[in-house]
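Residue-level structural notes
Each chain is listed here by its residues.
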Amino acid sequence: MTTEELYQELNYVNHSRDKRLYYANLVIDNPDLIPKLLNILFMVDDKISCRAAWVFEFMCGENLEASIPYLDNFTENMHKVHLDSAVRPVAKVCEYLVTAYYSKHDNEIKSALLPKHKEKIIEACFDWMINDEKIAPKAYAMNTLYLLGHDEDWIHPELVMILERDYQMQSSGFKARARHILKKVKKN
């Protein structure tokens, strides 16, 4: 399938779990589609890029290791994503990667997620935290930064400062997640 054919196929992806899972499995079964999917995802001004982001998120949810050969591409370009419905799945993929990295169970992400990838993830997460994003990317970013803060001692103080500063102006969903993260940071 060419990039153009995949682009056309993505017109059929919608918010339903079934459609996203169908296309995620199609990509997992045909790994040559992953770079094409990412090319479409990073057409950041095109509405179809959001559908590519949904499929990529579901692919990572099903088989995170499939993303390993593309971590450079993903982390180098994810900061360009700006449409709300694409930012959320990109932030979720960051959370998947970092959660796997800090997992107690052995997995390939632990050796594949390099310092340069983590640096790009930290940068993007702080951007999502301070920019006018919806609650979901902020929530994923909070959790991702909390985990990365175990190795980078400057992250937790910065995260706490942002959470405390923005707390009053945010939604109840943000406040609930922020309380949870603040409690975990203070335990450390």
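Just above sits the structure.
Residues numbered from 1 in each chain as written. Predicted model: local features only at pLDDT ≥ 70, side-chain atom pairs only at ≥ 80, totals over all residues. Heavy atoms only, no water.

A closer look at the overall build of the protein
The helix and strand tally for the protein stands at 11 helices and zero strands. For the protein, the α and β elements follow one another from N to C terminus as α-α-α-α-α-α-α-α-α-α-α. Scaling as 2.2 N^0.38, a compact globule of 188 residues should have a C-alpha radius of gyration of about 16 Å, and the protein matches this with 17 Å. C-alpha atoms of the protein, sized along the principal axes, occupy 50 × 35 × 25 Å. Put simply, the protein has 188 residues, and 49% of those count as buried. Intrachain contacts of the protein at a sequence separation of at least 6 include 66% that bridge at least 24 residues. (Helix = DSSP H or I, 4+ residues; strand = E, 2+ residues; numbered from the N terminus. Rg over C-alpha atoms; globule rule 2.2 N^0.38 Å. Buried < 20%, exposed > 50% of the residue type's maximum accessible area, 1.4 Å probe, protein only. Contact = heavy atoms within 4.5 Å.)

Structural notes on the pattern of salt bridges
If you walk through the whole model with that rule in mind, you get six salt bridges. Note that lysine 186 and glutamate 164 form a salt bridge whose closest N and O atoms lie 3.6 Å from each other. Placement of lysine 186 in helix H11 (residues 172–187) and of glutamate 164 in helix H10 (residues 155–166) is noted, with a sequence separation of 22 residues between them. (Salt bridge = Lys/Arg side-chain N within 4 Å of Asp/Glu carboxyl O.)

As for the packing of helix H3 (residues 34–41) against helix H4 (residues 48–62)
Viewed as axis vectors pointing N to C, H3 and H4 meet at an angle of 135°, and their least axial separation amounts to 7 Å. Classified by the angle between their axes, H3 and H4 sit oblique to one another. At the point where H3 passes H4, the crossing takes the left-handed sense. Within the contact between the two elements, H3 uses Ile34, Leu37, Leu38, Ile40 and Leu41 and H4 uses Ile48, Ser49, Ala52, Ala53, Val55, Phe56 and Met59. (Axes fitted to C-alpha atoms, helices over the stretch in contact; angles between N-to-C directions. Parallel < 35°, antiparallel > 145°, perpendicular 65-115°, else oblique. Left-handed = near helix turned anticlockwise from the far one by under 90°.)

Notes on the nonpolar core
Phe56 and Phe74 are the most contacted members of the largest nonpolar core, which totals 71 residues. The residues touching phenylalanine 74, leaving out its near neighbours within four places in the chain, are Leu38, Phe42, Phe56, Val90, Val93, Cys94 and Leu97. (Core = buried A, V, L, I, M, F, W, Y, C linked by side-chain atoms within 4.5 Å.)

A short note on the packing of H4 against helix H6 (residues 84–101)
The contact between H4 and H6 brings their axes to 8 Å, and the two run at 20°. With respect to H6, the axis of H4 lies roughly parallel. The interaxial crossing formed by H4 with H6 has left-handed handedness. Facing Cys50, Ala53, Trp54, Phe56, Glu57, Cys60 and Gly61 of H4, the residues of H6 in contact are Ser85, Ala86, Arg88, Pro89, Lys92, Val93 and Tyr96. Looking at the contact of H4 with H6, its residues break down into nine nonpolar, two polar and three charged. (Nonpolar A, V, L, I, M, F, W, Y, C, P; charged D, E, K, R; others polar.)

Points about the environment of glutamate 133
Considering the arrangement of structural elements, one finds glutamate 133 in the loop between helix H8 (115–130) and helix H9 (135–148). Spatially, the C-alpha atoms of glutamate 133 and serine 172 are 15 Å apart, while their sequence positions differ by 39 residues. Beyond its immediate stretch of four places on either side in the chain, glutamate 133 contacts Asp84, Val87, Trp128 and Lys138.

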